[in-house]
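Report on the structure
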Amino acid sequence: MNTKIVKKIRNTAAAGLWTSVGVMLLTVLFYYASPYKFTLGEYGNKWALVAATVLAVLSVSMVLLTVRKRVPQLRQTDSIDEKLQGYAAHIKSVYVSMAAVVCVVCGCSILSSSNVLIMLGMVCVLVLFLNYPNIYRIKVDLGLDDETMRSLFGENYIPDEPQQ
């Protein structure tokens, strides 16, 4: 049961991260390599720039505040199953919502021909890289011990050396 939840955490995070990276790369390629440029008019370009900027800034701050609040709550739960299920839901909400934000920001970037929005999209992708749940981040975020980590990850987990 627990290994299924760990696989779900990994798959969700990987899907959200690599979807965002792919959309970002396609946007950069289209912006710099394509002979086509879209414009929404001067008024539309300004509003697309403002809307996408506000969306990107609010979503990055939402992720940072959610991680700061939710992770200590999960660490205090009693059962390992509750911790892992809560962490899986947390990772899903962060990575799916940020992938959607990156798609919207990239779409606005293409429609308004604004390379400033490409930079904001890259910041959103960077936030996903920084919060990526690898084995040791899961251990720290959930406050797991070495025994539990061995049962979840097997030989992939290398425990800390005891301090003397």
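Structure shown above.
Below you will find a few notes about this structure. (Residues numbered from 1 in each chain as written. Predicted model: local features only at pLDDT ≥ 70, side-chain atom pairs only at ≥ 80, totals over all residues. Heavy atoms only, no water.)

**Notes on the overall build of the protein**
Secondary structure summary: the protein contains 6 helices and 0 strands in total. What you see for the protein is a C-alpha radius of gyration of 19 Å, clearly larger than the 15 Å of a compact globule of 164 residues, by over 25%. Dimensions of the protein, computed from the C-alpha atoms along their principal axes, are close to 65 × 35 × 30 Å. The long-range fraction of contacts in the protein, counting pairs at least 24 apart against all pairs at least 6 apart in sequence, stands at 75%. (Helix = DSSP H or I, 4+ residues; strand = E, 2+ residues; numbered from the N terminus. Rg over C-alpha atoms; globule rule 2.2 N^0.38 Å. Contact = heavy atoms within 4.5 Å.)

**Focus: empty space enclosed by the protein**
Using the criterion set out here, one finds 1 cavity of 30 Å³ or more in the structure. Computed from the structure, the largest cavity encloses a volume of approximately 60 Å³. Forming the boundary of the largest cavity are Val67, Val71, Tyr87, His90, Ile91, Val94, Tyr95, Asn131, Arg137 and Asp141. At the level of elements, α2 (41–75), α3 (80–112) and α5 (135–142) are the ones that each hand at least two residues to the lining of the largest cavity. For the lining of the largest cavity, the leading source of residues is α3, giving 5 residues. (1 Å grid on protein atoms, 1.4 Å probe; cavity = no way out; pocket = protein on both sides within 12 Å on 5 of 7 lines; lining within 4 Å. Points joined across faces, edges and corners; volume = space filled by probe spheres on them.)

**With respect to unusual backbone geometry**
Notably, Ser113 is not glycine yet its phi reads approximately 50°, a positive angle. If you trace the backbone, Ser113 turns up in the loop between α3 and α4 (115–130). Residue Ser113 is classed as partly exposed on the basis of its relative accessible area, which comes to 23%. (Buried < 20%, exposed > 50% of the residue type's maximum accessible area, 1.4 Å probe, protein only.)

**A look at the environment of Val102**
If you trace the backbone, Val102 turns up in helix α3. Residue class for Val102 comes out buried when judged on its relative accessible area of 0%. Apart from the residues lying within four places of it in its own chain, the contact partners of Val102 are Ser20, Val23, Met24, Gly121, Cys124 and Val125.

**Quick notes on the packing of aromatic side chains**
One pass over the structure, following the stated rule, counts 6 aromatic pairs. Here the aromatic rings of Trp18 and Phe129 are separated by 5.9 Å at their centres, their planes lie at 85°, and the arrangement is edge-to-face. Remark: Phe129 occurs in helix α4 and Trp18 occurs in helix α1 (residues 2–33); sequence separation between them is 111 residues. Judged by its relative accessible area of 51%, Trp18 is exposed. Plain terms: the ring middles of Tyr136 and Tyr157 are 5.7 Å apart, the flat faces sit at 35° to each other, and that makes the pair tilted. Taken together, the positions of Tyr136 in helix α5 and Tyr157 in the segment after α6 (146–153) put the pair 21 residues apart, joining distant regions of the chain. Of the residues examined, Tyr136 reaches a relative accessible area of 36% and is grouped as partly exposed. (Phe/Tyr/Trp six-rings, centres within 6.5 Å; stacked < 30°, edge-to-face > 60°.)

**Examining a nonpolar patch on the surface**
Residues Tyr43, Trp47, Val50, Val54 and Leu58 make up a contiguous nonpolar surface patch of roughly 560 Å² in combined accessible area. Accessibility expressed as a relative area gives 54% for Leu58, which makes it exposed. (Patch = residues over 30% accessible without salt bridge, like charges linked within 9 Å, V, L, I, M, F, W, Y side chains within 5 Å. Areas by Shrake-Rupley, 256 points an atom, 1.4 Å probe, with all protein chains shown as cover. Salt bridge = Lys/Arg side-chain N within 4 Å of Asp/Glu carboxyl O.)

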